[in-house]
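# Residue-level structure breakdown
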Amino acid sequence: MTLAAFATPVAGQATFRGQRDAPRRQRAPSRRSSIRADASSRDDGSTEDLKAELLSVLGKGGDGASRMARVGDRKRLEELVEALEARNPNPEPFERPDLLLEEWQLLTTFQPGTADVSFTSLDSWRKYLFDSGPSPVQSLVVGNQTVDNVFQVLEDPRGSSAEGGTGAKWQNVVEFGPGLSLTIEAAMEGVRDENSFFYRFTGGFFSIENEWGGPDGLSIPYPVPFDALEKARPGQTKGWFATTYLDETLRVSRGNKGSYFVLRRPETYWETRGGK
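We now turn to the structure provided with this report.

Cut-off values and rules
Residues numbered from 1 in each chain as written. Predicted model: local features only at pLDDT ≥ 70, side-chain atom pairs only at ≥ 80, totals over all residues. Heavy atoms only, no water. Salt bridge = Lys/Arg side-chain N within 4 Å of Asp/Glu carboxyl O. Helix = DSSP H or I, 4+ residues; strand = E, 2+ residues; numbered from the N terminus. Expected span 1.5 Å × (residues − 1). Buried < 20%, exposed > 50% of the residue type's maximum accessible area, 1.4 Å probe, protein only. Core = buried A, V, L, I, M, F, W, Y, C linked by side-chain atoms within 4.5 Å. Pairing = 2+ DSSP bridges. Axes fitted to C-alpha atoms, helices over the stretch in contact; angles between N-to-C directions. Parallel < 35°, antiparallel > 145°, perpendicular 65-115°, else oblique. Left-handed = near helix turned anticlockwise from the far one by under 90°. Contact = heavy atoms within 4.5 Å. Phe/Tyr/Trp six-rings, centres within 6.5 Å; stacked < 30°, edge-to-face > 60°.

This paragraph deals with the pattern of salt bridges. As enumerated under the stated definition, the model contains 12 salt bridges in all. Of the charged contacts in the structure, one is a salt bridge between R200 and E189, with a shortest N-O distance of 2.7 Å. Of this pair, R200 sits in strand β7 (residues 196–208) while E189 sits in strand β6 (residues 180–193), and the two are 11 residues apart along the sequence. Among the charged side chains, a salt-bridge network with shared partners connects E53, K75, R76 and E79.

So this is what it looks like as structure tokens:
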């Protein structure tokens with residue numbers, strides 16, 4: 001299953017590590033140039049205006065239904081995201097670890113040109129298993145009203161590798177309520193190009209930090225055999241993840257299957273770090 005839809009806050013302090021000589025792949029320039037040209041003609045407002053409209057469409061991400069971009073506002077959402085990508089002030093995000101790393105809150109996720117997916121839809125599962133459709137699990141978790149928040153915590157991928165390297169992780173956490181969360185962990189496996197890294201999902205756990213978890217809390221392994229899944233469907237637990245827009249408060253990212261993720265810094269993030 002594609003678990004890149006998961007994202008959540010978990011303890012994790014970023015460490016800024018040295019750049020590794022990683023193979024670099026050329027991204028298709030035609031898409032970026034077309035995005036820039038189209039976005040410029042459609043959206044002449046300032047970047048702050050575009051961000052304000054985007055956030056007004058999405059809200060603060062606290063409601064499960066709003067985290068899954070619905071068809072009704074999908075077209076404008078895609079236009080706003082493309083317009084922001086064309087104005088990306090940090091096209092090489094690894095050079096700005098102070099902006100890129102640590103905790104981000106998910107506002108929404110969508111795959112351009114596709115309809116909504118449903119966990120109970122046979123067609124959604126068919127497209128996921130035999131085509132390039134997004135995972136139906138994404139709708140179950142990200143669009144679930146019982147999910148309080150979804151976060152991502154990024155460490156620095158520079159210096160990581162498929163052989164281990166620095167051991168940097170990408171944590172995706174879902175908060176179900178006070179003291180109850182699910183963390184899915186991925187090992188970072190090197191820098192792909194100037195704005196993306198390779199990853200491989202390795203495991204996960206439920207964390208219970210309330211009266212049910214006892215005085216020391218309780219951790220329960222997530223029952224997905226990632227190694228067995230990878231053997232059965234090679235490449236299913238691996239992929240790459242790109243950052244296509246980045247500033248102090250907003251990040252847009254894209255996964256290798258085409259899904260987009262719009263994230264914001266938690267409201268008190270910069271306050272707890274002395275401001276920005």
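Still more to cover.
Moving on: the environment of E194. Looking at the secondary structure, you find E194 in the loop between β6 and β7. Between the alpha carbons of E194 and P93 there is a distance of 7.3 Å; along the sequence they are 101 residues apart.

Let us look at helix α4 (residues 74–86). Taking 1.5 Å of rise per residue, the 13 residues of α4 would be expected to cover 18 Å, and the 18 Å separating its terminal C-alpha atoms lies within 8% of that figure. With respect to burial, α4 is a largely interior element, 10 of its 13 residues being buried. Every buried residue of α4 is listed here: R74, L77, E78, E79, L80, V81, A83, L84, E85 and A86.

For the rest of this paragraph, the subject is the nonpolar core. Counting residues in hydrophobic clusters, the biggest one holds 27 residues, and the most contacted among them are L154, W170, F197, Y199 and F201. Broken down by secondary-structure element, the contributors of at least two residues to this core are α5 (97–100), β1 (102–110), β2 (149–154), β6, β7, β9 (238–246) and β11 (260–264). Examining the composition of this core, we find that 5 residues originate from one element, β6, more than from any other. Of all hydrophobic cores here, the second largest spans 15 residues; its members include L58, L84, V252 and Y260.

What follows concerns the pairing of β1. Along β1, 8 of the 9 residues are buried, which leaves the element largely enclosed by surrounding structure. Bridge analysis of β1 against β2 gives 4 bridges, and the strand direction is antiparallel. Opposite Q105, over in β2, you have F151 as the bridge partner.

The residue E102 is not glycine, and still its phi comes out positive at about 75 degrees. Looking at where E102 falls in the secondary structure, it is placed in strand β1.

A separate point is the packing of helix α2 (residues 47–58) against α4. With their axes 10 Å apart at the nearest point, α2 and α4 run at an angle of 150 degrees to one another. When the axes of α2 and α4 are compared, the pair comes out roughly antiparallel. Considering how the two elements wind past one another, α2 and α4 form a crossing that is left-handed. From α2, T47, L50, K51, E53, L54, V57 and L58 reach across to α4, where they touch R76, L77, L80, V81, A83 and L84.

The subject of this paragraph is the pairing of β2. Where burial is concerned, most of β2 is hidden: 6 out of the 6 residues are buried. Residues N149, F151 and V153 line one face of β2 and the alternating positions V150, Q152 and L154 line the opposite face, and both faces are buried. As judged from the 6 bridges shared by β2 and strand β5 (residues 169–177), these two strands associate in the antiparallel manner. Within β5, the position partnered with F151 by the bridge is V173.

Attention now goes to the packing of aromatic side chains. Counting across every chain of the model gives 12 aromatic pairs. An angle of 10 degrees between the planes, with centres 5.6 Å apart, marks the rings of F110 and Y260 as stacked. Of this pair, F110 sits in strand β1 while Y260 sits in strand β11, and the two are 150 residues apart along the sequence. For Y260, a relative accessible area of 4% corresponds to the buried category.

Another aspect to go through is the environment of K238. For K238, the location among the structural elements is in strand β9. Note: C-alpha distance between K238 and A187 (51 residues apart in sequence) is 9.5 Å. Non-local contacts of K238, meaning those with residues more than four positions away in its chain, are made with Y199, R200, E230 and N256.

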